[in-house]
Amino acid sequence: PSIRAAALPQLANNRNYLGLAPALTAISCERIKHALADTLGDNSRWRDKIYVMLHPAQSANDGATIVAERFQDGWNYRLELPNPVERARFVRAVVQTLLSEMAGRNPSDHTPEIPAWLAEGLAQHLLGSDEGDLLPRPPRLAVNGLNINPTILNARRRDPLEAAHRILSEQPPLTLAELSWPNNRQACGPACEAYSSSAQLFVTELLRLKDGRECLRAMLGELARCYNWQTAFFRAFHAHFQCQLDLEKWW
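All residue numbers refer to positions counted from 1 along the written sequence of the respective chain. Totals for whole chains, interfaces and linings use every residue, but because this is a predicted model, local features are given only for residues with pLDDT of at least 70 and side-chain atom pairs only at 80 or more, for both listing and counting. Based on all heavy atoms of the structure, the side-chain values leave hydrogens and waters out of the count.

**Q** Help me understand the pattern of salt bridges, please; the structure alone is not making it clear to me.
**A** Opposite charge on two side chains lets them pair, provided their charged atoms get close. A carboxyl oxygen of Asp or Glu within 4 Å of a side-chain nitrogen of Lys or Arg is what we treat as a salt bridge. Going through the model one piece at a time under the given rule, you end up with 11 salt bridges. Among the ionic pairs, D42 bridges to R105, the shortest N-O distance being 3.8 Å. With D42 in the loop between α1 (22-40) and β2 (49-56) and R105 in the loop between α2 (87-103) and α3 (116-134), the pair connects residues that are 63 residues apart, well separated along the chain. No difference in accessibility class separates D42 from R105, as the two residues are buried. The partner of E222 in a salt bridge is R225, with the nearest N and O atoms 3.6 Å apart. Connected through salt bridges with shared partners, the residues D42, E101 and R105 form a single ionic network. In this text, helices come from DSSP runs of H or I with a minimum length of four residues, and strands from runs of E with a minimum of two, each type numbered from the N-terminal end. Burial status follows relative accessibility: with a 1.4 Å probe on protein chains alone, a residue under 20% of its type maximum counts as buried, one over 50% as exposed, and anything between as partly exposed.

**Q** Explanation requested: the pairing of strand β4 (residues 74-83) in the structure shown.
**A** A regular strand places its side chains on the two faces of the sheet in alternate fashion. Taken across its 10 residues, β4 has 8 buried, putting it largely inside the fold. One ladder, built from 8 bridges, connects β2 with β4; its direction is parallel. Looking across to β4, one finds that I50 is bridged to Y77. Here strand β3 (residues 65-71) pairs with β4 via 7 bridges, running antiparallel. Within β4, the residue paired with V67 across the bridge is R78. Any two strands with at least two DSSP-identified bridges between them are counted as paired.

**Q** Is there a simple way to think about the packing of aromatic side chains in this case?
**A** The geometry of two aromatic rings is summed up by the distance between their centres and the angle between their planes. Any pair of Phe, Tyr and Trp rings, taking the six-membered ring for Trp, is counted once the centres come within 6.5 Å. Such a pair is stacked with planes under 30 degrees apart, edge-to-face with planes over 60 apart, and tilted for the rest. One pass over the structure, following the stated rule, counts 12 aromatic pairs. Residues F202 and W250 carry aromatic rings whose centres are separated by 6.0 Å and whose planes lie at 65° to one another, so their mutual orientation is edge-to-face. Of the two residues, F202 is situated in helix α6 (residues 189-207) and W250 in helix α9 (residues 244-250); the sequence distance between them amounts to 48 residues. Judged by relative accessible area, which is 1%, F202 ranks as buried. Given the relative accessible area of 32%, W250 is considered partly exposed. Taken together, a centroid distance of 5.3 Å and an interplanar angle of 85° make the contact between F233 and F234 edge-to-face. Residue F234 is classed as buried on the basis of its relative accessible area, which comes to 17%. Through successive ring pairs, a cluster of aromatic residues spans W117, F202, W229, F233, F234, F237, F241, W250 and W251. One cation-aromatic arrangement involves K33 over W46; the distance from NZ or CZ to the ring centre is 4.3 Å. A ring has a charge above it when a Lys NZ or an Arg CZ is no more than 6 Å from the ring centre and no more than 35 degrees off the ring normal.

This is the structure we're talking about:
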(Lines give C-alpha, C1' and ligand atoms only; values in the text may rest on other atoms or scores of the structure.)
Protein backbone atom coordinates (compact mmCIF):
# COMPACT_ATOMS: atom_id res chain seq x y z
CA PRO A 1 0.00 0.00 0.00
CA SER A 2 0.99 3.61 -0.52
CA ILE A 3 0.09 6.35 1.97
CA ARG A 4 -0.01 10.09 2.39
CA ALA A 5 -0.78 12.25 5.40
CA ALA A 6 -4.45 12.09 6.32
CA ALA A 7 -6.39 15.11 5.10
CA LEU A 8 -8.79 15.07 8.06
CA PRO A 9 -6.72 15.09 11.28
CA GLN A 10 -9.91 15.62 13.33
CA LEU A 11 -10.79 11.98 12.65
CA ALA A 12 -7.56 10.71 14.19
CA ASN A 13 -9.14 10.40 17.65
CA ASN A 14 -12.48 9.09 16.42
CA ARG A 15 -12.76 5.42 17.49
CA ASN A 16 -14.93 4.65 14.46
CA TYR A 17 -12.14 5.58 12.05
CA LEU A 18 -8.84 3.90 11.21
CA GLY A 19 -5.60 5.59 10.27
CA LEU A 20 -4.24 3.26 7.59
CA ALA A 21 -0.50 2.82 8.10
CA PRO A 22 0.88 0.62 5.27
CA ALA A 23 2.15 -2.26 7.42
CA LEU A 24 -0.98 -2.51 9.56
CA THR A 25 -3.21 -2.20 6.50
CA ALA A 26 -1.49 -5.22 4.94
CA ILE A 27 -1.81 -7.18 8.20
CA SER A 28 -5.51 -6.32 8.53
CA CYS A 29 -6.24 -7.32 4.92
CA GLU A 30 -4.49 -10.65 5.43
CA ARG A 31 -6.37 -11.33 8.67
CA ILE A 32 -9.70 -10.48 7.06
CA LYS A 33 -8.82 -12.80 4.17
CA HIS A 34 -8.16 -15.73 6.53
CA ALA A 35 -11.21 -15.00 8.69
CA LEU A 36 -13.45 -14.89 5.61
CA ALA A 37 -12.01 -18.15 4.25
CA ASP A 38 -12.60 -19.78 7.65
CA THR A 39 -16.19 -18.52 7.80
CA LEU A 40 -16.96 -19.91 4.34
CA GLY A 41 -14.90 -23.07 4.81
CA ASP A 42 -12.89 -22.11 1.74
CA ASN A 43 -9.50 -23.81 1.36
CA SER A 44 -9.16 -23.28 -2.39
CA ARG A 45 -6.04 -21.79 -3.91
CA TRP A 46 -5.72 -18.01 -4.07
CA ARG A 47 -5.21 -16.90 -7.67
CA ASP A 48 -5.55 -13.19 -8.54
CA LYS A 49 -3.76 -10.12 -7.21
CA ILE A 50 -5.29 -7.33 -5.14
CA TYR A 51 -3.55 -3.96 -4.87
CA VAL A 52 -4.51 -1.58 -2.06
CA MET A 53 -4.07 2.15 -2.68
CA LEU A 54 -4.53 4.77 0.04
CA HIS A 55 -5.33 8.43 -0.53
CA PRO A 56 -6.09 11.32 1.85
CA ALA A 57 -9.75 11.43 2.84
CA GLN A 58 -11.62 14.52 1.67
CA SER A 59 -14.62 14.02 3.98
CA ALA A 60 -15.83 11.71 6.73
CA ASN A 61 -18.09 9.93 4.24
CA ASP A 62 -15.55 9.12 1.54
CA GLY A 63 -16.23 5.70 0.07
CA ALA A 64 -14.00 2.93 -1.21
CA THR A 65 -13.53 2.17 -4.91
CA ILE A 66 -12.94 -1.31 -6.32
CA VAL A 67 -11.59 -1.57 -9.85
CA ALA A 68 -11.35 -4.95 -11.62
CA GLU A 69 -9.09 -5.39 -14.66
CA ARG A 70 -9.24 -8.47 -16.86
CA PHE A 71 -6.03 -10.09 -18.15
CA GLN A 72 -5.40 -13.28 -20.11
CA ASP A 73 -4.52 -15.24 -16.99
CA GLY A 74 -7.21 -13.80 -14.70
CA TRP A 75 -8.21 -10.60 -12.92
CA ASN A 76 -6.33 -7.90 -11.05
CA TYR A 77 -8.17 -5.86 -8.43
CA ARG A 78 -7.36 -2.39 -7.16
CA LEU A 79 -8.94 -1.31 -3.89
CA GLU A 80 -8.74 2.45 -3.35
CA LEU A 81 -9.38 3.57 0.23
CA PRO A 82 -9.60 6.98 1.93
CA ASN A 83 -7.28 7.53 4.87
CA PRO A 84 -8.56 7.64 7.55
CA VAL A 85 -11.53 5.39 6.86
CA GLU A 86 -14.52 4.25 8.87
CA ARG A 87 -13.78 0.84 10.41
CA ALA A 88 -16.87 -0.93 9.08
CA ARG A 89 -16.38 0.63 5.63
CA PHE A 90 -12.81 -0.69 5.52
CA VAL A 91 -13.80 -4.26 6.41
CA ARG A 92 -16.76 -4.17 3.99
CA ALA A 93 -14.56 -3.00 1.11
CA VAL A 94 -11.91 -5.65 1.78
CA VAL A 95 -14.56 -8.38 2.08
CA GLN A 96 -16.25 -7.29 -1.16
CA THR A 97 -12.89 -7.34 -2.98
CA LEU A 98 -12.06 -10.79 -1.60
CA LEU A 99 -15.47 -12.11 -2.66
CA SER A 100 -14.89 -10.68 -6.13
CA GLU A 101 -11.60 -12.56 -6.33
CA MET A 102 -13.30 -15.81 -5.25
CA ALA A 103 -16.13 -15.36 -7.75
CA GLY A 104 -13.75 -14.39 -10.54
CA ARG A 105 -11.74 -17.63 -10.46
CA ASN A 106 -14.13 -19.28 -12.92
CA PRO A 107 -13.87 -18.24 -16.60
CA SER A 108 -16.21 -15.34 -17.39
CA ASP A 109 -16.68 -12.52 -19.87
CA HIS A 110 -18.00 -10.14 -17.22
CA THR A 111 -17.23 -9.00 -13.69
CA PRO A 112 -19.26 -11.15 -11.27
CA GLU A 113 -21.88 -9.20 -9.33
CA ILE A 114 -21.40 -9.43 -5.55
CA PRO A 115 -24.75 -8.72 -3.86
CA ALA A 116 -24.62 -5.90 -1.32
CA TRP A 117 -26.25 -8.03 1.39
CA LEU A 118 -23.54 -10.70 1.10
CA ALA A 119 -20.58 -8.33 1.44
CA GLU A 120 -22.30 -6.36 4.21
CA GLY A 121 -23.51 -9.43 6.08
CA LEU A 122 -20.14 -11.16 6.05
CA ALA A 123 -18.32 -7.95 7.01
CA GLN A 124 -20.59 -7.44 10.01
CA HIS A 125 -20.23 -11.11 10.94
CA LEU A 126 -16.43 -10.76 11.02
CA LEU A 127 -16.58 -7.48 12.92
CA GLY A 128 -18.97 -8.96 15.46
CA SER A 129 -16.85 -12.06 15.94
CA ASP A 130 -13.48 -10.47 16.70
CA GLU A 131 -12.96 -6.91 15.53
CA GLY A 132 -9.87 -6.37 17.68
CA ASP A 133 -8.02 -9.24 16.05
CA LEU A 134 -8.92 -8.10 12.53
CA LEU A 135 -7.97 -4.45 12.98
CA PRO A 136 -4.80 -4.12 15.06
CA ARG A 137 -4.03 -0.62 16.29
CA PRO A 138 -0.60 1.03 15.90
CA PRO A 139 1.68 0.89 18.97
CA ARG A 140 0.92 3.56 21.54
CA LEU A 141 3.77 3.04 24.03
CA ALA A 142 7.53 2.61 23.83
CA VAL A 143 9.20 0.49 26.52
CA ASN A 144 12.97 -0.05 26.45
CA GLY A 145 13.02 0.85 22.78
CA LEU A 146 10.17 -1.52 21.85
CA ASN A 147 6.82 -0.28 20.54
CA ILE A 148 3.90 -1.98 22.29
CA ASN A 149 0.13 -1.71 22.29
CA PRO A 150 -1.49 -2.96 25.53
CA THR A 151 -4.47 -5.26 24.94
CA ILE A 152 -7.18 -6.33 27.37
CA LEU A 153 -8.44 -9.86 26.80
CA ASN A 154 -11.97 -10.87 27.75
CA ALA A 155 -12.46 -14.61 28.26
CA ARG A 156 -16.22 -14.29 27.71
CA ARG A 157 -17.05 -15.22 24.13
CA ARG A 158 -18.86 -12.46 22.30
CA ASP A 159 -22.11 -13.07 20.45
CA PRO A 160 -21.51 -11.79 16.88
CA LEU A 161 -25.21 -10.88 16.60
CA GLU A 162 -25.38 -8.93 19.87
CA ALA A 163 -25.44 -5.49 18.23
CA ALA A 164 -27.75 -6.66 15.42
CA HIS A 165 -30.28 -8.07 17.89
CA ARG A 166 -30.27 -4.80 19.82
CA ILE A 167 -30.91 -2.73 16.68
CA LEU A 168 -33.55 -5.09 15.27
CA SER A 169 -35.39 -5.19 18.59
CA GLU A 170 -36.36 -1.57 17.93
CA GLN A 171 -37.36 -2.03 14.28
CA PRO A 172 -38.24 -5.02 12.09
CA PRO A 173 -35.61 -6.58 9.81
CA LEU A 174 -35.63 -5.35 6.24
CA THR A 175 -37.55 -7.25 3.61
CA LEU A 176 -35.77 -9.39 1.04
CA ALA A 177 -36.43 -6.73 -1.62
CA GLU A 178 -34.90 -4.03 0.61
CA LEU A 179 -31.83 -6.20 1.20
CA SER A 180 -31.50 -6.93 -2.50
CA TRP A 181 -31.71 -3.33 -3.69
CA PRO A 182 -30.45 -0.92 -0.99
CA ASN A 183 -31.07 2.78 -1.50
CA ASN A 184 -28.89 5.82 -0.85
CA ARG A 185 -30.43 6.40 2.60
CA GLN A 186 -28.90 3.16 3.80
CA ALA A 187 -25.38 4.55 3.38
CA CYS A 188 -25.42 6.30 6.78
CA GLY A 189 -27.48 6.87 9.92
CA PRO A 190 -30.25 4.67 11.35
CA ALA A 191 -31.14 3.26 7.92
CA CYS A 192 -27.55 2.05 7.56
CA GLU A 193 -27.69 0.29 10.93
CA ALA A 194 -30.93 -1.45 9.97
CA TYR A 195 -29.47 -2.61 6.66
CA SER A 196 -26.21 -3.83 8.21
CA SER A 197 -28.01 -5.70 10.99
CA SER A 198 -30.55 -7.28 8.64
CA ALA A 199 -27.81 -8.35 6.20
CA GLN A 200 -25.78 -9.86 9.05
CA LEU A 201 -28.79 -11.79 10.36
CA PHE A 202 -29.69 -12.98 6.84
CA VAL A 203 -26.15 -14.24 6.14
CA THR A 204 -25.89 -15.84 9.59
CA GLU A 205 -29.12 -17.77 9.03
CA LEU A 206 -27.86 -18.96 5.64
CA LEU A 207 -24.62 -20.12 7.26
CA ARG A 208 -26.63 -22.02 9.87
CA LEU A 209 -28.27 -24.19 7.22
CA LYS A 210 -26.88 -27.73 7.27
CA ASP A 211 -24.79 -27.08 4.17
CA GLY A 212 -24.91 -23.29 4.30
CA ARG A 213 -21.20 -22.67 3.87
CA GLU A 214 -21.05 -25.04 0.90
CA CYS A 215 -24.04 -23.31 -0.69
CA LEU A 216 -22.50 -19.85 -0.31
CA ARG A 217 -19.26 -21.07 -1.87
CA ALA A 218 -21.25 -22.64 -4.71
CA MET A 219 -23.10 -19.35 -5.20
CA LEU A 220 -19.79 -17.48 -5.52
CA GLY A 221 -18.70 -20.00 -8.13
CA GLU A 222 -21.93 -19.55 -10.07
CA LEU A 223 -21.74 -15.74 -10.14
CA ALA A 224 -19.24 -15.82 -13.01
CA ARG A 225 -21.75 -17.80 -15.11
CA CYS A 226 -24.74 -15.57 -14.34
CA TYR A 227 -25.63 -11.96 -15.07
CA ASN A 228 -27.49 -11.51 -11.78
CA TRP A 229 -26.86 -12.91 -8.32
CA GLN A 230 -30.44 -14.22 -7.93
CA THR A 231 -29.87 -16.90 -10.58
CA ALA A 232 -26.60 -17.92 -8.93
CA PHE A 233 -28.26 -17.99 -5.51
CA PHE A 234 -31.11 -20.32 -6.48
CA ARG A 235 -28.76 -22.63 -8.38
CA ALA A 236 -26.60 -22.96 -5.26
CA PHE A 237 -29.44 -23.14 -2.71
CA HIS A 238 -31.86 -25.21 -4.82
CA ALA A 239 -32.11 -27.88 -2.10
CA HIS A 240 -33.53 -25.28 0.30
CA PHE A 241 -35.34 -22.74 -1.89
CA GLN A 242 -37.02 -23.52 -5.18
CA CYS A 243 -38.11 -19.97 -5.90
CA GLN A 244 -38.21 -16.41 -4.57
CA LEU A 245 -41.42 -17.10 -2.63
CA ASP A 246 -39.76 -19.96 -0.73
CA LEU A 247 -36.91 -17.66 0.29
CA GLU A 248 -39.27 -14.87 1.37
CA LYS A 249 -41.31 -17.27 3.52
CA TRP A 250 -38.15 -18.60 5.15
CA TRP A 251 -36.81 -15.11 5.82
